[in-house]
Amino acid sequence: MFRARPPLWAALALVASLAVVPPAQAAAEPHTVTDFESDGVPQGVYAWGNDAPSTPTLTVQPAQDRPDAPAANRALKAVYAVGQWGGWSHDLPATQDWSPYEGFSFWVNGTGSGQKIFFEVKDGGAGAGTSELFESAFTDDTAGWRQIRTPFSGFTRRADYQPGGAPTDGELDLTAMWGYSMRLPAASGTLLWDDVRVYGSAPPRPVRLSTGRPVYTVDEKGAVQVGVTVTTTGGAPLPADLAVEYATGTGTATPGEDYTPARGTLTFPAGTASGATRTFTVRTLADGQNEVAETIPLVLSGAGTRPPAEQPVIVINAHGLPYLDARRPVRQRVADLLARMTTEEKVGQMTQAERGALTKQSDIAAYALGSLLSGGGSTPAVNTPAGWADMIDAFQARALQTRLQIPLIYGVDAVHGHNNVVGATIFPHNVGMGATRDPELVRQEGRITAREVRATGIPWDFAPCLCVSRDDRWGRAYESFGEDPALVSRMATIVDGLQDNGVLATAKHYAGDGGTAYGSSTTGDYTIDQGVTRTTRAELEAVHLAPFAEAVRRGVGSVMPSFSSVDFGDGPLKMHAHKELITDVLKGRLGFEGFVISDWQAIDQLPGDYASDVRTSVNAGLDMIMVPYEYPAFFTTLKGEVEAGRVPMARIDDAVSRILTQKFRLGLFEHPYADRSGIADVGSAAHRAVARTAAARSQVLLKNDGGLLPLRPGAKLYVAGSNADDIGNQTGGWTVTWQGSSGPITPGTTILEAIRARTPSVTYSADASAPLAGHDAGVVVVGEKPYAEGVGDVGRAGRTLALSAADRAAVDRVCAAMRCAVLVVSGRPLELGDLTGVEAVVASWLPGTEGAGVADPLFGAVAYTGRLPFTWFRTAAQVPVNVGDAVYDPLYPYGWGLRTDRARDRLKAARDTLARGDGPSRAAAAALTPALRERAWNADGSVRDTRAVLAAVATAASLLERSRTDTQAVDDAVVSVARDVAQTVGRRFDLQAAADHELSSGRLREAVDLLARAAR
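Bear in mind the structure is a predicted one, so any value in this text is a computation, not a measurement. Sequence order as written defines the numbering, with residues in each chain counted from 1. In keeping with the predicted nature of the model, local features appear solely for residues at pLDDT of at least 70, side-chain atom pairs appear and are counted solely at 80 or more, and the whole-chain, interface and lining totals rest on all residues. Side-chain metrics in this entry use all non-hydrogen atoms of the structure; hydrogen atoms and water are not considered.

### Some points on the overall build of the protein chain
Regarding its fold elements, the protein chain presents 25 helices and 39 strands. Atoms counted for the radius of gyration: C-alpha only. Globule rule: 2.2 Å times residue count to the power 0.38. In summary, the protein chain has a C-alpha radius of gyration of 31 Å against a globular reference of 31 Å for 1016 residues, a match within 12%. The principal-axis extent of the C-alpha atoms belonging to the protein chain is close to 100 × 80 × 60 Å. The proportion of buried residues among the 1016 residues of the protein chain is 60%. Residue contacts are defined here by distance: any two heavy atoms, one from each residue, within 4.5 Å place the two residues in contact. For the protein chain, the proportion of contacts with a sequence separation of at least 24, taken over those separated by at least 6, is 76%. When the accessible area of the protein chain is evaluated, it comes to approximately 36,800 Å², of which 52% is carbon and sulfur surface. In the protein chain, 95 side chains carry a positive charge and 112 a negative one; their mean positions are 6 Å apart. Numbering of helices and strands runs from the N terminus; a helix is a DSSP stretch of H or I covering at least four residues, while a strand is a stretch of E covering at least two. Exposed residues in this analysis have more than 50% of their type's maximum accessible area, buried residues have under 20%, and partly exposed residues fall in between, with area computed by a 1.4 Å probe over protein chains only. Every accessible area reported is derived by Shrake-Rupley at a probe size of 1.4 Å, with residue values counting cover from the shown protein chains alone. Only four residue types enter the charge count, namely Lys and Arg as positive and Asp and Glu as negative; His and the chain termini do not. Taken as the charge location is NZ of Lys, CZ of Arg, CG of Asp or CD of Glu.

The following block contains the structure:
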């Protein structure tokens, strides 16, 4: 099916031989990029690795022994012990034009180790971190110094990785180069590097030809107007007349029956501007048959030109076939399409590649790929909503080049809004949404996320994470709604919000990733992520499977297994190989009808060779594999396993049927391209208003001595702390990039900006070094910097659960000088230390882009209503600590949250709502009415007659368990009055935590009884 391709250097050499050589060409002056003659490592040169031990140590030392070296020569020394990946880079402060040069060179002092060492150059893009990477390699087979010289024609586009935002044209343009990198082998050694330069004179560069689109789709009896554009190196006008020949080539369409052949010449006179376009037309015919799609390749040529990197093609759309008939039931359409598919096409549907890994875009059609994804931070070169839509539509056009025209399903991790897109609405992370205790608000988050995601052409979201996080040391804790499976299950409403608005949801990570034991990870220097969950089947069912059962009940379309392993006592087994839990439990007993997608390169972690990894995972029940880079190898391997009978065709047909079912249900066959009508809503004021509400309701008031909060509008405030004025820190990981980053990474409102909008007199000093006198109160915003999976694990690279020394110092300075509130911006509970001098503490979690939502309850615009989704430990030595533990003595229990609204008003509003409901609701309202008499309440709206009020609330709770018209919000309001009493007068944190679990489980009376016991 596939033909071997000539190497890139051969193709470029052939094209260059066609170029017209100018009468005279001056030789390029030599240019040294890096010479290492400084005392230390030059600016812009840095080491990197997958973990600290894999990051090389770089120093500069004398190297007079290098051939042709000047006296006192110096070189860069790299000492390395790479576990997975590591190396060093030189990022230039501004682009350099290397197009006048022939190639890239450097000196290296090797050891004859036989190790293969890759190096790459960074071409174009907005910066060194978003450039297109082209690589070459050498083997360290010589002890001592030697010079490596590689012509630019010998570089190929790196296939295993491309950074987000990088160009994807596959052309080494050389006009805007950002530097280079040296990628060291997974081994130990020492190498010296010197005199990195570009050398020689570039051969003449031909005029580049391109078409308006790589793929033109057209119906029978239609016409396609093809635009041909000429582009010169450097953008100069054409120096001479240029004739471009065009013709229709040989494809699957029949000339004279399916289309009228076309041939001709397009003339571009001397002086024509670079980027000019001429057009020609190709007309299609009707042959009276119902058939699959047919192709008409387009051939462009001309002396002194280079044809398009990938041959453009016209595709006559498939038509008249049953699977294309939207009026038919999905099951019939799937059966018809499946029966037409070859083994290769079925395997292609099961293959998902990272967008940046495509060697060329036509590989989508060549391998019949069923899916592409953007990993965290994998973005188009122009990271805007329109840039995303343009990129994905171009990929989709390649899928429609195939004979069956099965559209791609493109996936992205939109885990708290469309978080990869600059300018999108970013919601609080799941930990904050869990603190809201508001399933309807979570549904709204899903709806808004779906609308922003779909507007950019994406129909599939790798969310929600329905993990039940049981250990705060886990670097993914903030992706969990909480530690209680009952709470996480309630928040599965986000599945409805996504799927009711046209985006396929993914329940992840199935199952037990939140229960991995500390120290059990074998991935790099992770301590807990991707580790082992040691449990029983009953415990796994009760704690970790429960939210997935709820998601399946809601019709979730895809499920992603966890990187982690499960150990039922007979040894750990990776979830990606767990046939019992994937096929027997998920697809069997739970009745899951969607498809199972692997996690990122996860099957590579299975024991055995690659064929075994593929065979084991697919036979265990995985339907689509997130490869994500080596898609040709996966395609070939799975095809071979099927042909050898080691993966049954019945298993393949089941997998492909599940995938196709979701594609049909999403309407991708009828509407494969982005619906751009919603682009203006991405990051809109209306969407941000909902995110602001979510941020406000996620705030958990832990302490409020003397009623410091809410603050008085107009108060003179002193604001300090590392997270007061940093949009990157308050949005956290999985924002624009995978790990997130500090700074102004996306539009939004910082907490400091929101405070300044509330009061005109604010002194801001991040480290609290500014004078402290003369303020009414202080607000110190402390917490964590962004991180994501693995990197955020406690114990990795010295990470702890303690506040930084700078934040601790800011708290001590401010709170010693004035009444103060400490806001903790973090993805999990942190060790707060001595709070004696701190009047108020708020768990602000990771509130997203809308810092105004943090300020709203801070100043009393709305009440504090959030509750802890995680137990807040006293010291890190207590971790893990969770609701239901036999020994339970935290600083604040699960479910804790002081409120600043009046309990009587809250109960009265609930009573009035219930009075309009069904019989049990009306009876509950009647039971509450006597308890609302003035004499049962204090002047501030708190409970005076505890006995009478709690008795009425208990009666109402019993009745509401039988109601069909009550809402969770009203139920929560009724029970909250009992919680207020328990938090005011009680200490039994174990009972308070248990009560919140019972409430999430729908057992309202039991929740009230536990709170009443805690209040005694």
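### Remarks on the nonpolar core
Residues Tyr 510, Leu 638 and Leu 709 are the most contacted members of the largest nonpolar core, which totals 187 residues. Examining the composition of this core, we find that 7 residues originate from one element, helix α5 (residues 385-399), more than from any other. Ignoring anything within four residues of it in the chain, the contact list for Leu 709 reads Leu 701, Asn 704, Ala 821, Ala 840, Val 842, Leu 858, Tyr 864 and Thr 900. With 41 residues, the next largest nonpolar core counts Leu 907, Leu 932, Val 953 and Val 1008 among its residues. We call a set of buried Ala, Val, Leu, Ile, Met, Phe, Trp, Tyr and Cys residues a nonpolar core when their side-chain atoms join them within 4.5 Å.

### Overview of the confidence of the model for the protein chain
Within the protein chain, residue pLDDT values average 95, and 97% of them lie at 70 or more. Across the protein chain, the element-wise mean pLDDT spans from 31 in helix α1 (residues 8-18) up to 99 in strand β32 (residues 595-596). Low pLDDT (under 50) marks residues 1-25, which in the prediction has 30 contacts with non-local residues, meaning those over four places away or in another chain. Per-residue confidence from the prediction method is given by pLDDT, with values spanning 0 to 100.

### Re the packing of helix α2 (residues 330-340) against helix α14 (residues 649-665)
Every axis corresponds to a line fitted to the C-alpha atoms, with the helix fit spanning only the stretch in contact, and the corresponding angles, defined between N-to-C directions, vary from 0 to 180 degrees. At their nearest, the axes of α2 and α14 sit 9 Å apart, and the two run at 130 degrees to each other. Judged by the inter-axis angle, α2 sits oblique to α14. Viewed along their axes, α2 and α14 form a crossing whose handedness is right-handed. Residues Val 330, Arg 333, Val 334, Leu 337 and Leu 338 of α2 pack against Asp 653, Val 656, Ser 657, Leu 660, Thr 661, Phe 664 and Arg 665 of α14. A breakdown of the residues in the contact of α2 with α14 according to their chemical character gives 7 nonpolar, 2 polar and 3 charged. Reported orientations rely on four angle classes, namely roughly parallel under 35 degrees, roughly antiparallel over 145, roughly perpendicular from 65 to 115, and oblique for the rest. For any pair of crossing helices, the crossing counts as left-handed if the nearer helix is rotated counterclockwise from the farther one by less than a right angle, and right-handed if it is rotated clockwise. Each residue gets one of three labels, nonpolar for Ala, Val, Leu, Ile, Met, Phe, Trp, Tyr, Cys and Pro, charged for Asp, Glu, Lys and Arg, and polar for the others, Gly among them.

### What to know about the sheet that holds strand β25 (residues 409-412)
What holds strands together in a sheet is hydrogen bonding between their backbones, with the strands either parallel or antiparallel. For two strands to pair, DSSP has to find at least two bridges joining them. Reading across the sheet, the 5 strands line up as β26-β25-β24-β23-β33 and stay open at both edges, with parallel pairing between neighbours. Each edge of the open sheet carries a strand with a single partner, namely β26 (460-461) and β33 (625-626). In this structure, β25 lies alongside β26, joined through 2 bridges in parallel fashion. Within the sheet, the bridge partner assigned to Val 412 lies in β26 and is Asp 461.

### Here's the deal with the environment of Leu 991
Looking at the secondary structure, you find Leu 991 in helix α24 (residues 989-1000). A sequence separation of 18 residues divides Leu 991 from Asp 1009, and the C-alpha atoms of the two residues are 9.4 Å apart. When near neighbours in sequence (up to four residues on either side) are disregarded, Leu 991 contacts Leu 1010, Arg 1013 and Ala 1014.

### Quick look at the sheet that holds strand β19 (residues 277-284)
With mixed pairing, 5 strands are arranged side by side in an open sheet as β17-β19-β15-β13-β21. Whereas interior strands pair on both sides, the edge strands pair on one side only; in this sheet they are β17 (259-260) and β21 (305-306). Here strand β13 (residues 207-211) pairs with strand β15 (residues 223-231) via 4 bridges, running antiparallel. What sits directly across from Ser 210, in β15, is Thr 229.

### With respect to the pattern of salt bridges
Any Lys or Arg side-chain nitrogen found within 4 Å of a carboxyl oxygen on Asp or Glu counts as a salt bridge. Under the counting rule described, the total for this entry stands at 65 salt bridges. Across the pair Arg 651 and Asp 654 runs a salt bridge whose closest N-O atoms are separated by 2.8 Å. Note that Arg 651 and Asp 654 are positioned in helix α14 at a spacing of 3 residues, about one turn of the helix. Overall, Asp 654 belongs to the partly exposed group, its relative accessible area being 30%. Its salt-bridge partner being Arg 692, residue Asp 856 comes within 2.8 Å of it at the nearest N-O pair. Residue Asp 856 is located in helix α19 (residues 852-858), and its partner Arg 692 is located in helix α15 (residues 685-698); the two are separated by 164 residues in the primary sequence.

### Looking at the state of the cysteines
Cysteine pairs can be covalently joined through their sulfur atoms, and such a bond is termed a disulfide. Disulfide assignment relies on a single distance test, namely cysteine sulfur atoms paired within 2.5 Å. On inspection of all chains with the given rule, the structure shows 1 disulfide. For Cys 815, the disulfide goes to Cys 820, at an S-S distance of 1.9 Å. Because the torsion about its S-S bond is 100 degrees, the bridge between Cys 815 and Cys 820 counts as right-handed. A relative accessible area of 12% means that Cys 815 is categorised as buried.

### So, the pairing of strand β4 (residues 74-81)
Two strands pair when backbone bridges link them, and strand β3 (residues 57-62) and β4 are joined in this way by 6 bridges, in the antiparallel orientation. Residue pairing across strands places Gln 61 opposite Ala 75, the latter belonging to β4.

### With respect to α2
Every buried residue of α2 is listed here: Arg 333, Val 334, Asp 336, Leu 337 and Leu 338. In this structure, the buried residues of α2 make contact with α3 (343-349) and α14.

### A word on α24
The length a helix should cover is 1.5 Å for every residue beyond the first. For α24, which comprises 12 residues, the first-to-last C-alpha distance of 17 Å matches the rise-based estimate of 16 Å (1.5 Å per residue) to within 8%. Among the 12 residues that make up α24, 9 are buried, leaving the element largely enclosed by the rest of the structure. For α24, the complete set of buried residues consists of Phe 989, Leu 991, Gln 992, Ala 993, Ala 995, Asp 996, Glu 998, Leu 999 and Ser 1000. Residues of α24 that are buried make contact with α8 (485-490), α23 (968-985) and α25 (1004-1014). Of the residues flanking the end of α24, it is Gly 1002, one or two places downstream, whose phi is positive at about 90 degrees.

### Structural notes on the packing of aromatic side chains
Classification of ring pairs rests on two measures: the distance between centres of Phe, Tyr or Trp rings, Trp counted by its six-membered ring, which must be within 6.5 Å, and the angle between planes, read as stacked under 30 degrees, edge-to-face over 60 and tilted in between. Inspection of every chain in the model, using the stated rule, returns 31 aromatic pairs. Where Trp 460 meets Phe 595, the ring centres are 5.1 Å apart and the plane angle is 70 degrees; that geometry is what we call edge-to-face. Remark: Phe 595 occurs in strand β32 and Trp 460 occurs in strand β26; sequence separation between them is 135 residues. Among the residues examined, Phe 595 registers a relative accessible area of 0% and is labelled buried. Sitting over the face of the ring of Trp 734, Lys 508 holds its NZ or CZ atom 5.9 Å from the ring centroid. Note on geometry: a ring has a charge over it if NZ (lysine) or CZ (arginine) is within 6 Å of the ring centre and within 35 degrees of the ring normal.

### A word on unusual backbone geometry
Glycine aside, negative phi is the norm for most residues, and most peptide bonds take the trans geometry. Look at the link from Lys 508 to His 509: it is a cis peptide, with omega at -5 degrees. Looking at the element boundaries, His 509 is found in strand β27 (residues 506-510). You will see that Ala 368, though not glycine, has its phi angle at about 50 degrees, which is positive. Looking at the element boundaries, Ala 368 is found in the loop between α4 (363-366) and β24 (371-374). Here Ala 368 falls in the buried class, since its relative accessible area comes to 13%. If you check the backbone angles, Gln 601 has positive phi at about 55 degrees while not being a glycine. Within the secondary structure layout, Gln 601 lies in the loop between β32 and α12 (610-620). On the basis of relative accessible area, Gln 601 is assigned to the partly exposed category, the value being 30%.

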